[in-house]
Protein chains: 2
Amino acid sequence: MPADFAKLLREKGIQPSAQRLAVAEYVLFTKEHPSADQVWAKVRAVCPVLSRATVYNTLNLFVKKKLLRELVLSEGKVVFDPKMEAHHHFIDEHTGRIEDVPWNAISVSRVSGLKGYDVREYMVVMRGRTRRKSC
Amino acid sequence: MPADFAKLLREKGIQPSAQRLAVAEYVLFTKEHPSADQVWAKVRAVCPVLSRATVYNTLNLFVKKKLLRELVLSEGKVVFDPKMEAHHHFIDEHTGRIEDVPWNAISVSRVSGLKGYDVREYMVVMRGRTRRKSC
DNA sequence: TCGTAGTTTAGACATAGTCTAAGTTTGTCG
DNA sequence: CGACAAACTTAGACTATGTCTAAACTACGA
Ligand SMILES: [Mn+2]
Ligand SMILES: [Mn+2]
Ligand SMILES: [Zn+2]
Ligand SMILES: [Zn+2]
């Protein structure tokens, strides 16, 4: 987690305003896969002067500048994910919780050989239960 | 495509009203992956006495009775898919069109060995361009 | 200091989906 | 058949998520 978020934003051509810094500090390193309104709630606790419009503007800007990606894995749930490397996702059917699954944990073959399709990216989306850790 | 949709619905414990039959005839055999409002538009052309609420009610009922599945693959696009067997999906980034990819066209391994997760179902979601058919 | 471009804001607007309460249809049974 | 209840359909109100607008504020160089 970088000491200097302002530098990180400037490197991507984003002017580091107070609001953008506050959003960045939370969303660029979370593992929570939060929705826009969850981001708003979390960041407002730290920086109360922050409008809903700015949160949406900032998240969309970060997506455009490739600091975040937007995922839609379940009905009505758009979430943001700062992990930009290719990876897969597991969704707990019971809680809705989304977890990252490392790219190497699963092997997928014959994607590039698919006739008729020029696949640019892909992801395995899994649903099930999170197994209780053995105690 | 069965001759007798009423029978098909009754077998699933669904009372075959005129509206449900009209929705069934379109949605249970389409390859279009339509949204609820696209279903409404299509079916209203055939059966003009059909409210938006009934279309949503019917689609949700069909999902509950396992005649349809609901997919959310892109932001703000919930679509319905009558193909109930396991299969994968390809999304054309340019047109948004969703196409089915047969289960056997791709091989995925090590899913069931994933530590900590009890995977009930999974799907590969691919994005890219549909390659122009060679002429 | 001034001008300008960029940023933030509240609230209006759009859209998708659910809910409600009233009306209609269907099926059952005397 | 006729009455009744259950199931179904409907319009429109309501909610949630996201976008847009126009005005205010800020940063910054000339
Ligand atoms: Mn978005
Ligand atoms: Mn739904
Ligand atoms: Zn992720
Ligand atoms: Zn499909």
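Residues numbered from 1 in each chain as written. Chains lettered and ligands numbered in written order. Predicted model: local features only at pLDDT ≥ 70, side-chain atom pairs only at ≥ 80, totals over all residues. Heavy atoms only, no water.

(A) Spatial organisation of the coordination of the zinc ion (ligand 4). Residue and element names in this part refer to chain B. Only His33 (NE2), Asp81 (OD), His87 (NE2), His89 (NE2) and Asp100 (OD) from the protein coordinate the zinc ion (ligand 4), and they sit 1.9 to 2.6 Å from it. Positions of the donor residues of the zinc ion (ligand 4), expressed as sequence spacing, correspond to H-x47-D-x5-H-x1-H-x10-D. Judged by its relative accessible area of 1%, histidine 87 falls in the buried class. A residue is classified by how much of its surface remains accessible, and histidine 89, at 0% relative accessible area, is buried. (Donors = N, O, S within 2.8 Å, 3.2 Å for Na, K, Ca; no water. Buried < 20%, exposed > 50% of the residue type's maximum accessible area, 1.4 Å probe, protein only.)

(B) Representation of the pattern of salt bridges within the structure. Residues and elements named next belong to chain A. Scanning the model with the defined rule gives 14 salt bridges over all chains in all. The partner of glutamate 32 in a salt bridge is lysine 42, and the shortest N-O contact between them spans 3.9 Å. Here glutamate 32 is found in the loop between α2 (18-27) and α3 (36-46), whereas its partner lysine 42 is found in helix α3, with 10 residues between them in sequence. A relative accessible area of 45% means that glutamate 32 is categorised as partly exposed. (Salt bridge = Lys/Arg side-chain N within 4 Å of Asp/Glu carboxyl O. Helix = DSSP H or I, 4+ residues; strand = E, 2+ residues; numbered from the N terminus.)

(C) Up close: the domain arrangement of chain A. Domain boundaries in chain A define domain 1 (2-72) and domain 2 (85-128). Between the C-alpha centres of domain 1 of chain A and domain 2 of chain A there is a distance of 25 Å. (Domains from an automatic or database assignment.)

(D) Spatial organisation of the protein's contact with DNA strand C. Near DNA strand C, the surroundings consist of 16 residues, among which Ser17, Arg20 and Thr54 of chain A together with Arg52 and Tyr56 of chain B are the closest. Among all atoms of DNA strand C positioned within 4 Å of the protein, those belonging to sugar or phosphate total 76%. Side-chain polar atom of glutamine 19 of chain A to a sugar or linking oxygen of DNA strand C: 3.0 Å apart, as the coordinates give it. Take valine 49 of chain A: an N or O atom from its main chain is 3.0 Å from a phosphate oxygen of DNA strand C. Among the elements of the structure, α2 and α4 (52-64) of chain A together with α4 (52-64) of chain B are those that each provide at least two residues to the surface near DNA strand C. Examining the composition of the surface near DNA strand C, we find that four residues originate from one element, α4 of chain B, more than from any other. Of the residues contributing to the surface near DNA strand C, the split by class is six nonpolar, seven polar and three charged. (Near = heavy atom within 4 Å. Polar contact = N/O pair within 3.5 Å; in protein donor to acceptor, adjacent residues only side chain to side chain. Nonpolar A, V, L, I, M, F, W, Y, C, P; charged D, E, K, R; others polar.)

(E) Local environment of unusual backbone geometry. Residue and element names in this part refer to chain A. The residue histidine 33 is not glycine, and still its phi comes out positive at about 50°. Relative to the assigned elements, histidine 33 resides in the loop between α2 and α3. For histidine 33, a relative accessible area of 4% gives the class buried.

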